[in-house]
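Structural characterization, general
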Amino acid sequence: MKKYFFIAALLCMFTMTSCLKDDPLFDWSAMKSVIELPYLQHNVRVSKVSPGEEVSFDLYVNYTVPYASDNKEDIKVTLGIDEDLLDSYNASLGSSGTYEILPAANYSLPDVLIKKGERLFSTKLNVKTDGLDAGKKYIIPVVIESVPDGYTKSGNFGYVHFRVDME
């Protein structure tokens, strides 16, 4: 019985080592860094806003590297508005209300530059509510439009809705 056990152990030892020569399932060295809008939810809302009141949102753009020192260059990111997101957003609400795109004259998207040695760009997105209708709901569907070559824009965290609910 010991003889069979010894032979089985030797057989396992020599046949199992072939697994060590396999190629890895994922090549981590080919992975590109990701640029994202790092919000816990895709919706940021300010409610009960009176016409003429200025609203301010925190706008963040993140570079997903473990340490800020890993960022070896300035990274220019272009933000834009995706009106197609409005239709899917309104469809998700059902009968609870409908949003419309906030007029471009009421806000200005900033130029985004994640500086060398940093991971996070942050600024304020200021919204003027002059000329907006009371009782209406407005939305700014902000997306990452472009990132430099060698970087990837996030598929999951590539957009955020800034919502302004007028009083």
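Structure: above.
Attention now goes to the side chain of His161. Here His161 shows up in strand β10 (residues 159-166). What makes His161 buried here is its relative accessible area of 5%. Engagement of the side chain of His161 in a polar contact is seen with the side chain of Asn43, the distance being 3.0 Å. Setting aside chain neighbours within four positions, we find His161 in contact with His42, Asn43, Val44, Leu85, Tyr89, Ile139, Ile140 and Pro141.

Before going further, it helps to examine the pattern of salt bridges. Applying the stated criterion across every chain, the model contains 4 salt bridges. With a shortest N-O distance of 3.9 Å, Asp165 and Arg45 are connected by a salt bridge. Of the two residues, Asp165 sits in strand β10 while Arg45 sits in strand β2 (residues 43-49), which places them 120 residues apart along the sequence. Close ionic contact of Asp133 with Lys136 constitutes a salt bridge, the shortest N to O distance being 3.4 Å. Looking at Asp133, the relative accessible area reads 39%, which means it is partly exposed. Beyond isolated ion pairs, a larger network of salt bridges with shared partners links Glu100, Asp133 and Lys136.

Buried residues of helix α2 (residues 84-93): Leu85, Leu86, Tyr89 and Asn90, and no others. One face of α2 carries all of its buried residues, which in axial projection span an arc of 130°. In α2, the exposed positions that point more than 90 degrees away from the buried face belong to Asp84, Asp87, Ala91 and Ser92. The inward-facing, buried residues of α2 abut β2, β5 (99-101), β8 (137-146) and β10. One or two residues past the end of α2 sits Gly94, with phi positive at roughly 70°.

Turning our eyes to something else, we now look at the packing of aromatic side chains. Under the criterion given, the structure shown has 5 aromatic pairs. Between Phe57 and Phe162, the aromatic rings sit 4.9 Å apart at their centres with planes inclined by 45°, giving tilted as the arrangement. Within this pair, whereas Phe57 is found in strand β3 (residues 54-63), its partner Phe162 is found in strand β10, the two being separated by 105 residues in sequence. Judged by relative accessible area, Phe57 falls into the buried class, the value being 2%. Aromatic side chains Tyr89 and Tyr99 sit 5.6 Å apart centroid to centroid with 70° between the ring planes, which places their arrangement in the edge-to-face category. Highlighted residues: Tyr89 in helix α2 and Tyr99 in strand β5, separated in sequence by 10 residues.

Here we come to the pairing of β3. Of the strand pairs in this sheet, strand β1 (residues 33-36) and β3 are connected by 2 bridges, and their pairing is antiparallel. Its bridge partner being in β3, Ile35 is matched across the sheet by Tyr63. One ladder, built from 9 bridges, connects β3 with strand β7 (residues 120-128); its direction is antiparallel. Within the sheet, the bridge partner assigned to Phe57 lies in β7 and is Leu125.

Turning next to the nonpolar core. Residues Ile35, Val61, Val77, Leu79 and Phe162 are the most contacted members of the largest nonpolar core, which totals 31 residues. If you list the elements that add at least two residues to this core, you get β3, β4 (75-81), β6 (112-114), β7, β8 and β10. Ranked by residue count, the leading element in this core is β3, at 5 residues. Sequence-distant contacts of Leu79, that is, excluding residues within four places in its chain, are made with Leu37, Leu59, Val61, Leu109, Val112, Val142, Val143, Ile144 and Glu145.

Parameters at a glance
- Counting of residues starts from 1 at the beginning of each chain's written sequence and follows it residue by residue.
- Owing to the predicted nature of the model, reporting of local features is limited to residues with pLDDT of at least 70; listing and counting of side-chain atom pairs is limited to 80 or more, with chain, interface and lining totals taken over all residues.
- Side-chain metrics rest on all non-hydrogen atoms present in the structure, leaving aside hydrogens and water.
- Every helix listed is a DSSP run of H or I at least four residues long, and every strand listed is a run of E at least two residues long, numbered separately from the N terminus.
- In this scheme, a residue with accessible area under 20% of its type's maximum is buried, one over 50% is exposed, and one in between is partly exposed, where area comes from a 1.4 Å probe on protein chains only.
- Under the rule applied, a polar contact is a pair of N or O atoms within 3.5 Å (in protein, one hydrogen donor and one hydrogen acceptor; residues adjacent in sequence only if both atoms are side-chain atoms).
- Should any heavy atoms of two residues lie within 4.5 Å, those residues are counted as being in contact.
- The term salt bridge refers to a pairing of a side-chain nitrogen on Lys or Arg with a carboxyl oxygen on Asp or Glu at a separation within 4 Å.
- The arc under discussion is defined with respect to the helix axis, by the directions toward the C-beta atoms.
- Any two of the Phe, Tyr and Trp rings considered here, Trp counted by its six-membered ring, make a pair once their centres fall within 6.5 Å; the pair's planes then place it as stacked at under 30 degrees, edge-to-face at over 60, or tilted in between.
- Think of it this way: DSSP has to see at least two bridges between two strands before they count as a pair.
- Residues enter a nonpolar core if they are buried and are Ala, Val, Leu, Ile, Met, Phe, Trp, Tyr or Cys, with the set joined through side-chain atoms within 4.5 Å.

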